[in-house]
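Fold and geometry: a report
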Amino acid sequence: MDGQAVADIKRCDIGPLILLGPPGAGKGTQAKKIAEVYSIPQISTGDILRANVSAGTELGKKAKAIMESGELVPDSLVCDMVAARLVEPDCARGFILDGFPRTVTQAEWLDGFLQSKLFENQPCAKVPPIVIEFAVDYNSLLRRLTGRRSCPTCGRIYNVYYQAPRVADTCDVDGTKLVTRKDDDEQVISERLKAYERQTLPLTEYYRGKGRLRVIDGDREMDAVTAETLETLEHGNRL
Ligand code: AP5
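Residues numbered from 1 in each chain as written. Predicted model: local features only at pLDDT ≥ 70, side-chain atom pairs only at ≥ 80, totals over all residues. Heavy atoms only, no water.

Looking only at helices and strands, the protein chain has 10 helices and 7 strands in total. Scaling as 2.2 N^0.38, a compact globule of 239 residues should have a C-alpha radius of gyration of about 18 Å, and the protein chain matches this with 17 Å. Counting only C-alpha atoms, the protein chain reaches 45 × 40 × 30 Å along its principal axes. Looking at the 239 residues of the protein chain, the share that counts as buried comes to 47%. (Helix = DSSP H or I, 4+ residues; strand = E, 2+ residues; numbered from the N terminus. Rg over C-alpha atoms; globule rule 2.2 N^0.38 Å. Buried < 20%, exposed > 50% of the residue type's maximum accessible area, 1.4 Å probe, protein only.)

Okay, the pairing of strand β4 (residues 130-135) next. Taken across its 6 residues, β4 has 5 buried, putting it largely inside the fold. Summarising the sheet, strand β1 (residues 15-20) and β4 pair through 4 bridges and their orientation is parallel. Bridging from a neighbouring strand, Leu20 pairs with Glu133 of β4. Direction of pairing for β4 relative to strand β7 (residues 213-217): parallel, over a ladder of 5 bridges. (Pairing = 2+ DSSP bridges.)

Turning our eyes to something else, we now look at helix α5 (residues 75-86). The first and last C-alpha atoms of α5 sit 16 Å apart over 12 residues, in line with the 16 Å expected at 1.5 Å per residue. Residues Val78, Cys79, Met81, Val82, Ala83, Arg85 and Leu86 constitute the buried set of α5. Among the structural elements, β2 (42-44), α3 (45-55), α4 (58-69), β3 (94-98) and α6 (104-114) are those in contact with the buried residues of α5. (Expected span 1.5 Å × (residues − 1). Contact = heavy atoms within 4.5 Å.)

Let us now look at the site of the ligand. Around the ligand, 36 residues are found, and the nearest of them are Thr29, Glu71, Arg148, Tyr158 and Arg192. Note that an oxygen atom of the ligand is positioned 2.9 Å from one of the side-chain N or O atoms of Arg50. Arg148 places a side-chain nitrogen or oxygen 2.6 Å from an oxygen atom of the ligand. Breaking the shell around the ligand down by element, the ones donating at least two residues are α2 (27-38), α3, α7 (138-147) and β6 (157-159). The greatest single-element share of the shell around the ligand, amounting to 4 residues, is contributed by α3. A breakdown of the residues in the shell around the ligand according to their chemical character gives 14 nonpolar, 11 polar and 11 charged. (Near = heavy atom within 4 Å. Polar contact = N/O pair within 3.5 Å; in protein donor to acceptor, adjacent residues only side chain to side chain. Nonpolar A, V, L, I, M, F, W, Y, C, P; charged D, E, K, R; others polar.)

Our next topic: the nonpolar core. Formed by 31 residues in total, the largest nonpolar core has its most connected members in Leu86, Phe95, Leu97, Leu110, Phe119 and Tyr207. Looking at this core, the elements with two or more residues in it are β1, α4, α5, β3, α6 and α9 (202-209). Among the nonpolar cores identified, the runner-up in size contains 22 residues, and Ala31, Ile96, Ile216 and Leu230 belong to it. (Core = buried A, V, L, I, M, F, W, Y, C linked by side-chain atoms within 4.5 Å.)

So, about the side chain of Gln122. The residue Gln122 is located in the loop between α6 and β4 in this model. Residue classification places Gln122 among the buried residues on the basis of a relative accessible area of 10%. Of the polar contacts made by the side chain of Gln122, one reaches the backbone oxygen of Leu86; its length is 2.9 Å. If we ignore the near neighbours within four places in the chain, the residues touching Gln122 are Leu86, Val87, Glu88, Cys91 and Ala92.

This part takes up the packing of α6 against α9. For the pair α6 and α9, the least separation of the axes is 9 Å and the interaxial angle reads 35°. Residues Val104, Ala107, Glu108, Leu110 and Asp111 of α6 form the contact with α9, whose participating residues are Pro202, Leu203, Tyr206 and Tyr207. (Axes fitted to C-alpha atoms, helices over the stretch in contact; angles between N-to-C directions.)

Between helix α8 (residues 186-200) and α9, whose axes approach to 6 Å, the crossing angle comes to 35°. Across the interface between the two elements, Glu197, Arg198, Gln199 and Thr200 from α8 touch Pro202, Leu203 and Thr204 from α9. Split into classes, the residues belonging to the contact of α8 with α9 amount to 2 nonpolar, 3 polar and 2 charged.

Here we come to the environment of Ile43. Structurally, Ile43 is set in strand β2. Using a relative accessible area of 1% as the deciding quantity, one classes Ile43 as buried. When the C-alpha atoms of Ile43 and Tyr161 are compared, they prove to be 26 Å apart, with 118 residues separating the residues in sequence. When sequence neighbours within four positions are dropped, the list of residues in contact with Ile43 reads Ile48, Arg85, Leu86, Cys91, Phe95, Ile96, Leu97 and Asp98.

Take helix α10 (residues 222-234) next. Over its 13 residues, α10 runs 18 Å from end to end, which matches the ideal 18 Å to within 8%, given 1.5 Å per residue. Looking at α10, one finds that the buried residues are Val225, Thr226, Thr229, Leu230, Thr232 and Leu233. Take α10 and look down its axis: the buried residues cluster within an arc of 155°, on one side only. On its buried face, α10 sits against β1, α2, β4 and β7. (Arc of directions from axis to C-beta.)

Keep in mind these values describe shape, not function.
Quick look at the structure:
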């Protein structure tokens, strides 16, 4: 992309980008790259819930055991949390939803919210969502999830098999000791994948039916997935 193209992208209203895919598909990894290129925020419902668990808020207390079992947090709790986030000023030009929606009920709620008076003051309110699904083989997902480590300070994601830090267990950016997510335990991973099949996979048909879905092969090198994702966004129907 040349300098003018980058400047244009940083000015235009991008609207909602929804990233779909099973646990470990690379939603968080790709969201961080897209956020950097387009200067819009990554909104990860998993990260917001984990922050609430760590801070011991009422929401965190309700979500903790559910997340540790690999099940989904009730729709009403998650939708209220997302509603509060989407009206913040940094969402004015657009935002990346990573891990939301996750049920058809959440998707229907989101469609309604984006058309509602609560959202009408955001400059990107009229821009329709674009939905990208990352498709990844089951065995790759297992390896990615069991190998994932993350930095509790800056949020950077690593992988002992695919993207190891320069010094073992240490963040390249700030030197913090890396952590393993509690739900990246094999038993919980299996429950998360089952919850995905049961509750989230139907969203593929929901968005395909609306003509919004783009499917990207996520089972390739991270940079190849990023390149196709950015290309899809640039040649999509509105960027
Ligand atoms: P959440 O945090 O959203 O977890 P998830 O959807 O299970 O997704 P992950 O974060 O595990 O995977 P990812 O696709 O982001 O992959 P990543 O980029 O990290 O949710 C956690 C829990 O919160 C849920 O179980 C639920 O309880 C609750 N929750 C959250 N949202 C909710 C909602 N909307 N409704 C109800 N409940 C909700 O990559 C994974 C690893 O693979 C990393 O190590 C990475 O380095 C590596 N990797 C990435 N891409 C590649 C590649 N191309 N090649 C090789 N390695 C790669």
